Amino acid sequence: MPSTPTTSAAPAATRTKTAEHIELVDRHSARNYAPLPVVIARGEGSWVHDVDGARYLDMLSAYSALNFGHRHPRITEVFVRQAQTLTLTSRAFHNDRFGPFCRLITETFGQDLVLPMNTGAEAVETALKTARKWGYHVKGVARDTAEIIVCGDNFHGRTISIVSFSPDSFNQEDFGPVTPGFRSVPYGDAAALAAAITDRTVAFLVEPIQGEGGINVPPPGYLARCRDICRERNVLFMADEIQTGLGRTGRRLCCDHENVIPDVLILGKALGGGMMPVSAVLARREVLGVFQPGDHGSTFGGNPLACAVATAALETLRDERLAERADRLGTAFMAQLRQIRSPHIREVRGRGLLIGVELHPEAGGGKPWCKALMKEGILCKETSEHVIRIAPPLTIEESDLDWAAERFERVLARATPTG
Ligand SMILES: *Cc1c(COP(=O)(O)O)cnc(C)c1O
């Protein structure tokens, strides 16, 4: 893996291929994203190259889907081999990669059963369906009255039902009518959860650290207290670890920091090894066992290519001890960031290699600073306007983090993003 970068973004005038590609996108694609003006053509490890030959350190990792970096050799080999053997059967038949994957993922996370899907939002939807059916068949809640408690500033995906309980910033008024049956409590406040639970409550859905919401780390003990409250009141504790899971925060799961085993565990992003969408819901038999044939499914869910890649991803996480690596590198890198003298930084927070640099409102938002970092050869993206999210691959070299720390310091010490 390269560790002494030489190039960064070339001046705009010479970035002709970049301009051509962006023009195509502007002309032919829906504008549901506002990407940085970089067109990536190749990736290896923590580094990517753009179409005009500039090189960048990827410090976003596709929102934690690239925990293993770009084209991790072991996962790539499995992906290519499986692609040449068997890719898709549908669940109308069994395939020989499904069983071994199910055994590995359930044993890894201490759960009885798994239900595989593709994207994160689908896995969240699966968890919501699980909670409702469990509520009606096991808890004994009256039909069509189940309530699920969620947190303010949450992010769980983009489907109609999920945006129905997402923060207002998701413009849900444009996508109504909303799905009923959700109630929101402030994040980080266990007493608010306890007060919101009623006889109709079937589940509490929570991110152990809020990623999109601004790398919000809850107070110590919050997850364990919420788990205890849920247990006392017979409510499912559902952890959305799509972004925080698989080593990102310095533990295999972020819930491991407080020795919490969720009743329903939701995984996605890095489970696909940076190759393809793979998500999963895991739970005890009593919970996920509520599904009968025909209740739920997905054409691509559990396909052999996905199972092979996810198996390789879980093995790589274990064999390369990437959670421990994220813990060590993240702690050191956060300390480096905290030493930066900058009038713009309000707070540096996070866990492992999931780090947020919150800027003062006067700094003008994270976006222009991310553009300035891009010109220095670092790719990252703001979240919730004032927070620069830093989430490099867990395989990143220590020397690359040192290189990045210098550039963060150089950029954030300026009076304005452009100098
Ligand atoms: C990214 C994310 C999702 C949605 O995953 P998609 O694959 O984009 O559907 C859900 N929850 C959390 C916490 C996420 O970070």
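Because the structure is a prediction, the values reported are computed rather than measured. (Residues numbered from 1 in each chain as written. Predicted model: local features only at pLDDT ≥ 70, side-chain atom pairs only at ≥ 80, totals over all residues. Heavy atoms only, no water.)

Participant: When you look at the packing of aromatic side chains in this model, what are you seeing that I'm missing?
Facilitator: Each pair of aromatic rings is reported with the distance of its centres and the angle of its planes. Summed over all chains, the structure comprises five aromatic pairs. Between the aromatic rings of Tyr187 and Tyr222, the centroid separation amounts to 5.6 Å while the plane-to-plane angle is 70°, which identifies the pairing as edge-to-face. Here the residue Tyr187 occupies a position in the loop between strand E6 (182–185) and helix H7 (190–196), and Tyr222 occupies one in helix H8 (residues 222–232), the gap between them amounting to 35 residues. Overall, the relative accessible area of 1% leaves Tyr222 in the buried class. Geometrically, the ring pair formed by Phe333 and Phe408 is edge-to-face, given 6.3 Å between the ring centres and 70° between the ring planes. With Phe333 in helix H11 (residues 322–338) and Phe408 in helix H13 (residues 398–412), this residue pair connects regions lying 75 residues apart in the sequence. The cationic tip of Arg55 hangs over the ring face of Trp47; the distance from NZ or CZ to the ring centre is 4.4 Å. (Phe/Tyr/Trp six-rings, centres within 6.5 Å; stacked < 30°, edge-to-face > 60°. Helix = DSSP H or I, 4+ residues; strand = E, 2+ residues; numbered from the N terminus. Buried < 20%, exposed > 50% of the residue type's maximum accessible area, 1.4 Å probe, protein only. Lys NZ or Arg CZ within 6 Å of the ring centre and 35° of its normal.)

Participant: Explanation requested: the packing of H11 against H13 in the structure shown.
Facilitator: For any two helices packed against each other, one specifies the inter-axial angle together with the distance between the axes. Running from N to C, H11 and H13 point in directions that differ by 25°, and their axes come no closer than 10 Å. As summarised for this structure, H11 and H13 are arranged roughly parallel, according to the angle between their axes. When you trace H11 past H13, the crossing you get is right-handed. Taking contact as the criterion, the partners of Arg325, Arg328, Leu329, Phe333, Gln336 and Leu337 in H11 are, on H13, Glu398, Leu401, Asp402, Ala404, Ala405 and Phe408. Residues belonging to the contact of H11 with H13 are distributed by class as follows: seven nonpolar, one polar and four charged. (Axes fitted to C-alpha atoms, helices over the stretch in contact; angles between N-to-C directions. Parallel < 35°, antiparallel > 145°, perpendicular 65-115°, else oblique. Left-handed = near helix turned anticlockwise from the far one by under 90°. Contact = heavy atoms within 4.5 Å. Nonpolar A, V, L, I, M, F, W, Y, C, P; charged D, E, K, R; others polar.)

Participant: Looking at this structure, I do not really get the pattern of salt bridges. What am I missing?
Facilitator: Opposite charge on two side chains permits pairing when their charged atoms draw close. Counted by the stated rule, this structure contains 22 salt bridges. Between Arg284 and Asp263 there is a salt bridge, with the nearest N and O atoms lying 2.8 Å from each other. Of this pair, Arg284 sits in the loop between strand E10 (279–283) and helix H9 (285–288) while Asp263 sits in the loop between strand E8 (236–240) and strand E9 (264–267), and the two are 21 residues apart along the sequence. For Arg284, the salt bridge identified is with Glu286, shortest N-O distance 3.6 Å. (Salt bridge = Lys/Arg side-chain N within 4 Å of Asp/Glu carboxyl O.)

Participant: Explanation requested: the site of the ligand in the structure shown.
Facilitator: Surrounding the ligand, one finds Thr119, Gly120, Ala121, Phe155, His156, Gly157, Glu207, Asp240, Ile242, Gln243 and Lys269. Separating a nitrogen atom of the ligand from a side-chain N or O atom of Asp240 is a distance of 2.7 Å. Bound to the protein, the ligand loses 81% of the 380 Å² it would expose on its own. Class assignment for the residues of the shell around the ligand results in three nonpolar, five polar and three charged. (Near = heavy atom within 4 Å. Polar contact = N/O pair within 3.5 Å; in protein donor to acceptor, adjacent residues only side chain to side chain. Areas by Shrake-Rupley, 256 points an atom, 1.4 Å probe, with all protein chains shown as cover.)

Participant: Mind showing me how you'd approach the nonpolar core here?
Facilitator: Inside soluble globular proteins, nonpolar side chains tend to come together where they are buried. Membership of the largest hydrophobic core comes to 71 residues, with the highest contact counts inside it found for Met59, Ile105, Phe333, Ile388 and Phe408. Tallying contributions element by element places helix H10 (residues 304–319) first for this core, with ten residues. Both domain 1 (12–65 + 322–412) and domain 2 (73–319) contribute no fewer than three residues apiece to this core. Those residues in contact with Met59 that sit more than four places away from it in its chain are Phe333, Ile378, Leu379, Cys380, Arg389, Ile390, Ala391, Pro392, Leu401, Ala404 and Phe408. The next biggest cluster of nonpolar side chains, apart from the first, holds 31 residues, and it includes Met117, Leu128, Val150 and Leu288. (Core = buried A, V, L, I, M, F, W, Y, C linked by side-chain atoms within 4.5 Å. Domains from an automatic or database assignment.)

Participant: Where do I start with the domain arrangement of the protein in this structure?
Facilitator: Where the parts come together, the accessible area they lose is often given as the size of the interface. Each assigned domain of the protein is listed with its residue range as follows: domain 1 (12–65 + 322–412) and domain 2 (73–319). Between domain 1 and domain 2, the C-alpha centre-to-centre distance is 27 Å. Each partner contributes residues to the interface: domain 1 has 25 residues there, and domain 2 has 24 residues. A buried area of about 1,900 Å², summed over both sides, lies between domain 1 and domain 2, and 55% of it is on carbon and sulfur atoms. It is Ser64, Arg351 and Leu354 that lose the most area in domain 1 upon contact with domain 2, and together they represent 31% of the buried surface on that side. Counting the contacts that link domain 1 with domain 2 gives two salt bridges. Between Asp327 and Arg251 there is a salt bridge, with the nearest N and O atoms lying 3.3 Å from each other. Our count for the contact surface shared by domain 1 and domain 2 stands at twelve residue pairs in polar contact (both at pLDDT 80 or more). Within the residue set of the side of domain 1 that touches domain 2, elements represented by two or more residues are helix H2 (61–64), H11, strand E11 (345–351), strand E12 (354–359) and strand E15 (387–390). Taken together, the residues of the side of domain 1 that touches domain 2 break down into 14 nonpolar, seven polar and four charged. (Buried area = accessible area lost by both parts, 1.4 Å probe.)

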